[in-house]
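# What the coordinates show
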Amino acid sequence: VPNLTLTDVSAVENNTGLTFDLDNHDLYNNGARARRRLENIDDQIFSVRLDADYEVAGDFIDSVEFGLRFGDRNRVRDDGIDATLGLVAGNYASDGAVAARLDDFIVEDLFAGADTNVRGLTFATWDAQQLFTALTGSRDAGLPAMGASTLSSDDADVTEKTYAAYAQLNFDSNFGDTPARGNFGVRVIKTEISSIGVSSALATSPGPDPDTITITEVGTPIVNVETNSFWDFLPSANLILEVDTDKVLRLAAYRAIARPDPEAMSAALTFDDEADLGDLGSIVSASGNPFLEPLKSWNADVSFEWYASRTSSVSVALYAK
C-alpha cells in the first residue's frame, strides 16, 4: 500500500489553471508516453514411456520392474520488441483520447481493509486500448513489419531430450523373524541439450572518457548453437521392517536430481555499451549457460510408526540430504 502525502499542489494548479483533483482528466496532460511490449513464450513437451512388471517365484525376490522413457521439451521465448512510440498531436487532449475517458473508477473501494488513510482513493482512468490507439494513431503501432525479424539477445530457444531406463527388484521376505519388504534399483538418464543463442557483430569507437571504448551492436543478429550432453545414474533402495504387529520401521536411500529451468540454459550473449579497456571481459553478459547440469543430491531417511489403536498412530522421521 503506497504512502501518499499531498502537501503543496500550487505548482500543479499554476501550471494547469485547474484545481488539483485526481479525478479530473484534464490534469493529466504532462509526461504522456506510449509503449508496446511484445513477448511470445512457447513450451512444448512430448514424452512416451513403457513399463513392465515380471513376477518371480523366488524365496526373496518377488518381482522385477523395468522400463524406458523418452522426453523431448522445447522452450522458446521470443522477447520480440520493447518500443516507446511517438505520440500524435494533442496527446491526452486529442478527440480520441477524450473519448477514451472512463466515468467510473475501476475499483469499488481501493485499499479496503488496509491500514491506510487513503482508503477509497480514486483517480481518472481511461480505456487503455482505446487510449493507446488515440495517442499513437493506430492500435498496431510498434508492431514489427510483416516478415521482419524479432530476434534479440534476450531470446531463448532450448531443447532438452532425455533418454531414461530403469530396473527395480521388489522383495517380500523375512529377516530372521522380522517380516521385511521393499525394493532396490537404478535409473539411468542421458540428457542432450541444444541451445540457440542470439548475439550481434560489434563495432567499437573511442569512449567519452580516457581508456574507454563505446561498443555498438551492428548488422543482423547472429545465431549460434551450443550443445551439451551428460549421464546421470540414480540408485535407490527402500526397506520396510515390521518390527512388531503395531510397529513399522522404514529406511530409504537414494540419489536425486533437480533440473534447471530451460531458460537458464540460454546461449544468448549481450554486451555493455561502454567498457574499460583494462577489463574487457566484464563487457560480456550471458543470458544463461547451456552447460548447466542438474543439481544432484544423496538422500537418506528413516521413520518409525506406531499404530497405537485402530484409530490413531504416532510417527517420527529423520532425513538427510
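Below is a summary of the structure that appears in this document. In every chain, residue numbers begin from 1 and rise along the written sequence. Residues qualify for local features only when their pLDDT is at least 70, as the model is predicted, and side-chain atom pairs are given and counted only at 80 or more; totals for whole chains, interfaces and linings, by contrast, use all residues. Hydrogens and waters are ignored; side-chain quantities use all the structure's heavy atoms.

Here we take up the nonpolar core. For the purposes of this section, nonpolar cores are sets of buried Ala, Val, Leu, Ile, Met, Phe, Trp, Tyr and Cys residues that join through side-chain atoms within 4.5 Å. Exposure is judged per residue with a 1.4 Å probe applied to protein chains only, and the accessible area is read against the type maximum: over 50% gives exposed, under 20% gives buried, and values in between give partly exposed. If you look at the biggest cluster of nonpolar residues, it comprises eight residues: Tyr92, Ala97, Ala100, Ala124, Trp126, Leu131, Ala134 and Leu135. For the purposes of this entry, the term helix denotes a DSSP run of H or I that reaches at least four residues, the term strand denotes a run of E that reaches at least two, and both are numbered from the N terminus. Counting residues per element, this core draws most heavily on helix α3 (residues 128-136), at three residues. Contact between two residues is taken to exist if any of their heavy atoms lie within 4.5 Å; hydrogens are not considered. Excluding residues within four positions of it along the chain, alanine 100 makes contact with Trp126, Asp127, Gln130 and Leu131.

Another point: the packing of aromatic side chains. Side-chain rings of Phe, Tyr and Trp, where Trp is taken by its six-membered ring, are said to pair if the distance between their centres is within 6.5 Å; with planes under 30 degrees apart they count as stacked, over 60 as edge-to-face, and otherwise as tilted. This model, assessed by the stated rule, comprises seven aromatic pairs. Plain terms: the ring middles of phenylalanine 60 and phenylalanine 171 are 4.9 Å apart, the flat faces sit at 10° to each other, and that makes the pair stacked. Taken together, the residues phenylalanine 60 in the loop between β1 (34-55) and β2 (61-85) and phenylalanine 171 in strand β5 (residues 156-175) connect sequence positions 111 residues apart. When its relative accessible area of 33% is taken as the criterion, phenylalanine 60 is described as partly exposed.

Turning to unusual backbone geometry, a few remarks are in order. A positive phi is found at asparagine 91, a non-glycine position, where the angle reads about 45°. With respect to the helices, strands and loops of the structure, asparagine 91 is situated in the loop between β2 and α2 (95-99). For asparagine 91, a relative accessible area of 26% corresponds to the partly exposed category.

Moving on: α3. What α3 keeps buried is the set Leu131, Phe132, Ala134, Leu135 and Thr136. In the core, the buried residues of α3 are packed alongside β1, β2, α2 and β4 (125-126). Under the rule applied, a polar contact is a pair of N or O atoms within 3.5 Å (in protein, one hydrogen donor and one hydrogen acceptor; residues adjacent in sequence only if both atoms are side-chain atoms). Where α3 begins, the capping side chain belongs to aspartate 127, and its oxygen is found 3.3 Å from the backbone nitrogen of glutamine 129.

Here the focus is the pattern of salt bridges. The rule for a salt bridge is simple: a side-chain nitrogen of Lys or Arg has to be within 4 Å of a carboxyl oxygen of Asp or Glu. The tally for this structure, following the rule as stated, stands at 17 salt bridges. Notably, a salt bridge pairs aspartate 244 with lysine 247, separated by 4.0 Å at the nearest N-O pair. Classification of lysine 247 as partly exposed rests on a relative accessible area of 25%.

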